[in-house]
Amino acid sequence: MAGLRMGQGVLRRKPIEQIEEGDASERLTRTLGLWQLTAIGVGGIIGAGIFTLAGAVANGTAGPAVLISFLIAGVASAAAAFSYAEFAGMIPKAGSAYTYGYVVLGELAGWFIGWDLLLEYTAIVAVVAIGISGYFNFLIKDLGAELPTWMLGAPGTGDGHRVDLFAAVLCLFIAYLLTLGIKSAARFETVVVVLKVLVVLLVIGVGVFHINPSNYSPFFPFGVGGAFTGAATVFFAVFGYDAMSTAAEESKDAQRHMPKAIMYSLAISMVLYVLATLVLTGMQNYKEVDPESGFSTAFQSVGLGALADVIAVGAIIGILTVMFTFMLGVTRVWFSMSRDGLLPHWFAKTHPTRHVPVRVTWIVGVASALIAGFLPIGEAAELTNIGILLAFAVVCTAVIVLRYRRPELPRSFRTPGMPVVPAIGVVFSIWLITFLAWETWLRFAAWFALGLIIYFAYSYRKSALAKTPRPSAEERGEE
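Just so you know, these numbers come straight off a predicted model, no measurement behind them.

What counts, and where the lines are drawn
Residues numbered from 1 in each chain as written. Predicted model: local features only at pLDDT ≥ 70, side-chain atom pairs only at ≥ 80, totals over all residues. Heavy atoms only, no water. Helix = DSSP H or I, 4+ residues; strand = E, 2+ residues; numbered from the N terminus. Buried < 20%, exposed > 50% of the residue type's maximum accessible area, 1.4 Å probe, protein only. Contact = heavy atoms within 4.5 Å. Areas by Shrake-Rupley, 256 points an atom, 1.4 Å probe, with all protein chains shown as cover. Phe/Tyr/Trp six-rings, centres within 6.5 Å; stacked < 30°, edge-to-face > 60°. Salt bridge = Lys/Arg side-chain N within 4 Å of Asp/Glu carboxyl O. Patch = residues over 30% accessible without salt bridge, like charges linked within 9 Å, V, L, I, M, F, W, Y side chains within 5 Å. Polar contact = N/O pair within 3.5 Å; in protein donor to acceptor, adjacent residues only side chain to side chain. Expected span 1.5 Å × (residues − 1). Core = buried A, V, L, I, M, F, W, Y, C linked by side-chain atoms within 4.5 Å. Axes fitted to C-alpha atoms, helices over the stretch in contact; angles between N-to-C directions. Parallel < 35°, antiparallel > 145°, perpendicular 65-115°, else oblique. Left-handed = near helix turned anticlockwise from the far one by under 90°. Nonpolar A, V, L, I, M, F, W, Y, C, P; charged D, E, K, R; others polar.

Secondary structure summary: the protein chain contains 18 helices and 0 strands in total. The 479 residues of the protein chain split such that 57% are buried. Counting contacts in the protein chain only where the partners sit at least 6 residues apart, residues at least 24 apart contribute 83% of the total. Accessible surface, the protein chain: about 18,400 Å² in total, of which carbon and sulfur atoms supply 68%.

Attention now moves to the packing of aromatic side chains. Aromatic rings considered in pairs are described by the distance between their centres and by the relative angle of their planes. This structure, assessed with the given rule, holds 25 aromatic pairs. On the numbers, 5.8 Å between centres and 75 degrees between planes, the contact of Phe-222 with Tyr-286 is edge-to-face. One end of the pair, Phe-222, is in the loop between α8 (182-207) and α9 (223-234); the other, Tyr-286, is in the loop between α11 (254-283) and α12 (294-301), with 64 residues separating them in the sequence. With a centroid separation of 6.3 Å and 40 degrees between ring planes, the pair formed by Phe-456 and Tyr-460 is classed as tilted. Residue Phe-456 and its partner Tyr-460 are located together in helix α18 (residues 438-462), separated by 4 residues, close to a single helical turn.

Counting across every chain of the model gives 7 salt bridges. Close ionic contact of Arg-403 with Glu-86 constitutes a salt bridge, the shortest N to O distance being 2.7 Å. Here the residue Arg-403 occupies a position in helix α16 (residues 386-405), and Glu-86 occupies one in helix α4 (residues 66-90), the gap between them amounting to 317 residues. Across this residue pair, the class does not change: Arg-403 and Glu-86 are buried. Of the charged contacts in the structure, one is a salt bridge between Arg-411 and Glu-86, with a shortest N-O distance of 2.8 Å. Separated by 325 residues along the polypeptide, Arg-411 in the loop between α16 and α17 (420-433) and Glu-86 in helix α4 bring together distant segments of the chain. Taken individually, Arg-411 and Glu-86 each receive the classification buried, so the pair is uniform in this respect.

Let us now look at a nonpolar patch on the surface. Taken together, the side chains of Leu-172, Phe-173, Tyr-176, Leu-180, Trp-362, Val-366, Leu-370 and Phe-374 present a nonpolar region at the surface, about 700 Å² in accessible area. For the nonpolar patch, the secondary structure elements donating two or more residues are α7 (165-179) and α14 (358-374). Here the element with the most residues in the nonpolar patch is α14; it accounts for 4 residues. Tracing the backbone shows Phe-173 in helix α7. Take Phe-173: its relative accessible area is 34%, and that puts it in the partly exposed class.

In this fold, Ile-454 is placed in helix α18. For Ile-454, a relative accessible area of 26% gives the class partly exposed. Through-space distance from the C-alpha of Ile-454 to that of Leu-342 is 9.1 Å; in sequence the pair is 112 residues apart. When near neighbours in sequence (up to four residues on either side) are disregarded, Ile-454 contacts Trp-111, Trp-115 and Ser-459.

This next bit is on the side chain of Ser-459. Structurally, Ser-459 is set in helix α18. For Ser-459, a relative accessible area of 0% gives the class buried. A distance of 2.5 Å separates the side chain of Ser-459 from the backbone oxygen of Leu-342, its partner in a polar contact. What Ser-459 contacts, discounting residues up to four positions off in sequence, is Arg-12, Glu-107, Trp-111, Gly-341, Leu-342 and Ile-454.

Its 34 residues give helix α13 (residues 306-339) an end-to-end C-alpha distance of 51 Å, which sits within 8% of 50 Å, the value for a rise of 1.5 Å per residue. Most of α13 is tucked away, with 29 of its 34 residues classed as buried. Where α13 ends, the next residue or the one after it, Gly-341, has phi of about 85 degrees, a positive value.

Turning our eyes to something else, we now look at α18. Because the α-helix completes a turn every 3.6 residues, residues three or four places apart line up on one side. Between its first and last C-alpha atoms α18 spans 34 Å; for 25 residues at 1.5 Å apiece the expected length is 36 Å, and the two agree. Taken as a whole, α18 has its buried residues at Thr-440, Phe-444, Gly-451, Tyr-455, Ser-459 and Tyr-460.

Moving on to the nonpolar core. Counting residues in hydrophobic clusters, the biggest one holds 146 residues, and the most contacted among them are Phe-87, Phe-235, Tyr-241 and Met-323. The leading source of residues in this core is α13, at 17 residues. With near-sequence residues (within four places) excluded, Tyr-241 lies in contact with Ile-45, Ser-77, Ala-80, Ala-81, Tyr-84, Ile-262, Ser-265, Leu-266 and Phe-392.

This part takes up the packing of α7 against α14. Each pair of packed helices can be summarised by the angle the axes make with each other and by the distance between the axes. For the pair α7 and α14, interaxial distance at closest approach is 7 Å and the crossing angle is 170 degrees. One finds that α7 runs roughly antiparallel with respect to α14. Crossing geometry of α7 relative to α14 is assigned as right-handed. For the pair α7 and α14, contact is made by Ala-167, Ala-168, Cys-171, Leu-172, Ala-175, Tyr-176, Leu-178 and Thr-179 and by Val-358, Thr-361, Trp-362, Gly-365, Val-366, Ser-368, Ala-369, Ala-372 and Gly-373, respectively. In terms of residue class, the contact of α7 with α14 is made up of 12 nonpolar, 5 polar and no charged.

Moving on: the environment of Ala-372. In this structure, Ala-372 sits in helix α14. Between the C-alpha atoms of Ala-372 and Asp-164, which are 208 residues apart in sequence, the distance is 6.8 Å. When sequence neighbours within four positions are dropped, the list of residues in contact with Ala-372 reads Ala-126, Ala-129, Ile-130, Asp-164, Ala-167, Ala-168 and Cys-171.

In this section: the environment of Ile-45. Looking at where Ile-45 falls in the secondary structure, it is placed in helix α2 (residues 34-45). Ile-45 sits 192 residues away from Ala-237 along the chain, and the two C-alpha atoms are 6.0 Å apart. Look past the residues within four positions of Ile-45 in its chain and what remains in contact with it is Ala-237, Val-238, Phe-239, Gly-240, Tyr-241, Ser-265, Leu-266, Ser-269 and Tyr-273.

Next up on the list: unusual backbone geometry. In the segment running from Ser-217 into Pro-218, the intervening peptide bond is cis, with an omega of 0 degrees. Mapped onto the elements, Pro-218 comes out in the loop between α8 and α9. Along the chain, Met-418 connects to Pro-419 via a cis peptide bond; the corresponding omega equals 0 degrees. Within the secondary structure, Pro-419 sits in the loop between α16 and α17.

As structure tokens, this is what we get:
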């Protein structure tokens, strides 16, 4: 009997109609409009994918077919994006995949998606900060200046390196920015995203006049399989809308704007990715593309070296917005889990006038700063992949389940091609997980085990749903 009660407990679901925003001390302010949300989404998607990943995949994995890699990844990502859009229009609350999983699949599923995202998003912030730091060091050297060796990288990344100070400070800066209030932070993000898009358009607009069609041959130097392998790599450059969707509770009209912002941000980003990869592999033979600074070397190869510094600055600006989007995401997931009682309510308290979760924001800022400052980028990057893919699989599964379980619920956006489209998202996510190294699985297992201990030691008993009577099937709208 006790086991039966336990099973019912971990499967208890948060009723959609009863999702509350909490009291005044646990409430976010709805200030974001459609284009601010879209800018946050674009800010999370466009970054390292254009400025570093495209060159790396073109050089060693796919050749000019990196274009196909991005298209395949974009189609797979769109399958998940449709599912996120349906949920965002139906459940306009903070938490994104965590909240969707909690509502449809039950508390334990929701807990683990949220628990995974806390680690994944924090690690992404750190990895991106380290990447920006590399561009910053390049610019400093190019200007003829030198910085002390001890502050140029994490231990083990070079002789005399003690800490990646610039990366750590960047994490703290983004945390400070988010504590100013979502309206001020989003205004900054929008301006920076516009600058980033202008730099990408500059690269495309200038580079298109220096394309040599012979560089596209052979188009599949690594075979068709190389394009698919490249898709598994660049897939991590075509999400970001998932973190943006955590801000649903801060949208002025989330039910109408969130689905549009998700689709607009992915569409804008994919167009820019396709055009940029065409320019990159057209300007320079794929064998000569620099895996770390592809566009800079490509422009140097056609006598436009002066533009390389502009591109480097654009890369720094562009990647900075990715930090903003994912730190926003992790703080909103943490806030939502705390408000639901799965983590201490202390974390869910918001600033009395700015109405943002200041406590969790600073904790995430410090944690990401420590990761960025003291871990090499490879070790930090290994923390980022598996949770995102699992979240995609869960959301795509949940949208199918809820469509058949609660077909009468009002939906401002409906995923097309049900259930084939979300099923594609599930299959592609699981397929990509198989590419991850065993060390990634080991770290995930350790984090999973820790989460299991915390859930049954604290969250199961303290959950808000544990303190309220479980609604009947009729009350939940089920047969």
